[in-house]
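Topology and contacts: notes
Residue strings, one per chain:
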Amino acid sequence: MAKYFAESELIINEDGSCFHLHLRPEQVADKVILVGDPGRVALVASHFEEKECEVSSREFHAITGTYQGKRITVQSTGIGCDNIDIVVNELDALKNIDFKTRTEKPEHTTLTLVRIGTCGGLQPECPEGTFVASQKSIGFDGLINFYARRNEICDLETEAEFKRQVKWIDQIGNPYCVDNNKELLEQIAADDMVRGITIACGGFYGPQGRELRAPLADPELNAKIEAFEYKGLRVNNFEMESSALAGLSLLLGHKALTCCMVIANRRAKRANTGYKSTIDNLIKVVLDRI
Ligand SMILES: O=P(O)(O)O[C@H]1O[C@H](CO)[C@@H](O)[C@H]1O
Ligand SMILES: O=c1cc[nH]c(=O)[nH]1
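What you see is a predicted model; the values in this text were computed from it and never measured. (Residues numbered from 1 in each chain as written. Chains lettered and ligands numbered in written order. Predicted model: local features only at pLDDT ≥ 70, side-chain atom pairs only at ≥ 80, totals over all residues. Heavy atoms only, no water.)

Our next topic: the pattern of salt bridges. A full pass over the atoms with the stated rule returns 21 salt bridges. Its salt-bridge partner being glutamate 161, residue arginine 164 comes within 2.8 Å of it at the nearest N-O pair. With arginine 164 and glutamate 161 both in helix H4 (residues 156–165) and 3 residues apart, this pair spans about one turn of that helix. With relative accessibility at 15%, the residue glutamate 161 sits in the buried group. Between glutamate 186 and arginine 195 there is a salt bridge whose closest N-O contact spans 2.9 Å. (Salt bridge = Lys/Arg side-chain N within 4 Å of Asp/Glu carboxyl O. Helix = DSSP H or I, 4+ residues; strand = E, 2+ residues; numbered from the N terminus. Buried < 20%, exposed > 50% of the residue type's maximum accessible area, 1.4 Å probe, protein only.)

Structure follows, in structure tokens:
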């Protein structure tokens, strides 16, 4: 018997769209570009030859169109892994649940989900402007810990070694390590993006080691993260969504990758606030390769 989803669990709006994204099933392409900033959606869609539909609700703004013959949806997520929980579950539901019968479809559709974001760079080879692709993501956000099969999809070895090397303090909550999709990594990072581990943090300030007026629980954590190395991989960057995106995609059978442009150089303590004109270069690369 196909799994049934009650009204309170899968909320469908009166117009047949999913609760938060306000998209209807036919409006979503199988290739989806995810961006944090709703304002970045129009920039991505400015490259489309044709626009099919545009839907906006809260921080979730989407445009579906065509780029070089490929049907693509660009969807903003807003900031944080809690929003990724909403976006990925609703995109998956739009493809894999029949909204009329509220049951799981017999055929599974695999989505290609590529996040184009901004990030902070932690290594000398990641100054401002660098394009960084996430080979693995470590989540400080805790989202995947709520799901069954968590240990099956996580890289438990890297997780344990990370906690050991950085002398992890338990009050922060359990970090998890997940792989981004290998095939997408080869296709999109190709040979010109820096690859490695990305940490997705549950905040921009304290969780990324930024101390404004509130002192940090572990002021040495960033130095230990910068020094972490395991099986030839180091932590290149901090952002706020890649772990939940990669983890939920593994749980739901989708392909996901995060690519970011460095806008804050955490080592040199510099930031590029004029990045909005240069992130278009990363957008074009991803659109060409997706
Ligand atoms: O530029 P976006 O995609 O929003 O990504 C980064 O920027 C935001 C923080 O400023 C977080 O969402 C972080 O992941
Ligand atoms: O330092 C940074 C820059 C962008 N986004 C982040 O999450 N961190």
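In this section: unusual backbone geometry. With phi around 45°, alanine 190 is a residue other than glycine that occupies positive phi space. In this fold, alanine 190 is placed in the loop between helix H5 (182–189) and strand E10 (194–200). We classify alanine 190 as partly exposed; its relative accessible area is 26%.

Attention now moves to the site of ligand 1. Lining the immediate environment of ligand 1, one finds Gly36, Asp37, Arg40, Ile79, Arg115, Ile116, Gly117, Thr118, Phe204, Glu239, Met240 and Glu241. At a separation of 3.0 Å, an oxygen atom of ligand 1 approaches a polar backbone atom of glycine 36. Contact between ligand 1 and arginine 40: an oxygen atom at 2.7 Å from a side-chain N or O atom of the residue. Relative to its free-state accessible area of 340 Å², ligand 1 is covered by the protein chains to the extent of 86%. (Near = heavy atom within 4 Å. Polar contact = N/O pair within 3.5 Å; in protein donor to acceptor, adjacent residues only side chain to side chain. Areas by Shrake-Rupley, 256 points an atom, 1.4 Å probe, with all protein chains shown as cover.)

What follows concerns the site of ligand 2. Surrounding ligand 2, one finds Thr118, Cys119, Gly120, Phe204, Gln208, Arg210, Phe238, Glu239, Met240, Ile263 and Ala264. Here glycine 120 contributes a backbone N or O atom positioned 3.5 Å from an oxygen atom of ligand 2. Between ligand 2 and glutamine 208, the relevant distance is 2.8 Å, taken from a nitrogen atom to a side-chain nitrogen or oxygen of the residue. Mapped by element, the contributors of at least two residues to the shell around ligand 2 are strand E7 (112–121), strand E12 (233–239) and strand E13 (255–265). In terms of residue count, E7 provides more of the shell around ligand 2 than any other element does, 3 residues in total. Its residues placed into classes, the shell around ligand 2 shows 6 nonpolar, 3 polar and 2 charged. (Nonpolar A, V, L, I, M, F, W, Y, C, P; charged D, E, K, R; others polar.)

What follows deals with the UniProt feature "domain: Nucleoside phosphorylase" (unreviewed entry) in the protein chain. Taking the numbering used here, the UniProt-annotated feature "domain: Nucleoside phosphorylase" (unreviewed entry) corresponds to residues 32–271. A helix fraction of 26% and a strand fraction of 35% characterise residues 32–271, whose end C-alpha atoms lie 29 Å from each other. (UniProt positions renumbered as here; feature names shortened; annotations may be inferred.)

Counting buried residues in E10 gives 5 out of 7 residues, a clear majority hidden from the surface. Here 4 bridges tie E10 to E12, and the two strands are oriented parallel to one another. Bridge pairing in E12 links isoleucine 199 to phenylalanine 238. (Pairing = 2+ DSSP bridges.)

Given 3.6 residues per helical turn, the α-helix brings residues three or four places apart onto the same face. Buried residues of H4: Thr158, Glu159, Glu161 and Phe162, and no others. The inward-facing, buried residues of H4 abut strand E8 (131–139), helix H3 (150–153), strand E9 (176–179), E10, helix H6 (221–227) and strand E11 (229–230). After H4 finishes, the residue lysine 167 shows a positive phi value of roughly 50°. (Contact = heavy atoms within 4.5 Å.)

This brings us to a nonpolar patch on the surface. On the surface, Phe204, Tyr205 and Leu212 cluster together to form a nonpolar patch covering roughly 330 Å² of accessible area. Here phenylalanine 204 is to be found in the loop between E10 and H6. (Patch = residues over 30% accessible without salt bridge, like charges linked within 9 Å, V, L, I, M, F, W, Y side chains within 5 Å.)

Ranked by size, the top nonpolar core spans 35 residues in total, and within it Leu91 and Leu113 carry the most contacts. Contributions of two or more residues to this core are made by strand E1 (31–35), strand E3 (60–67), helix H2 (81–96), E9 and helix H7 (242–252). Here the element with the most residues in this core is H2; it accounts for 7 residues. Excluding residues within four positions of it along the chain, leucine 113 makes contact with Val32, Leu34, Leu91, Leu184, Leu245, Ser249, His254, Lys255, Ala256 and Leu257. Formed by 30 residues, the second largest nonpolar core is a distinct cluster that contains Ile116, Ile188, Val286 and Leu287. (Core = buried A, V, L, I, M, F, W, Y, C linked by side-chain atoms within 4.5 Å.)

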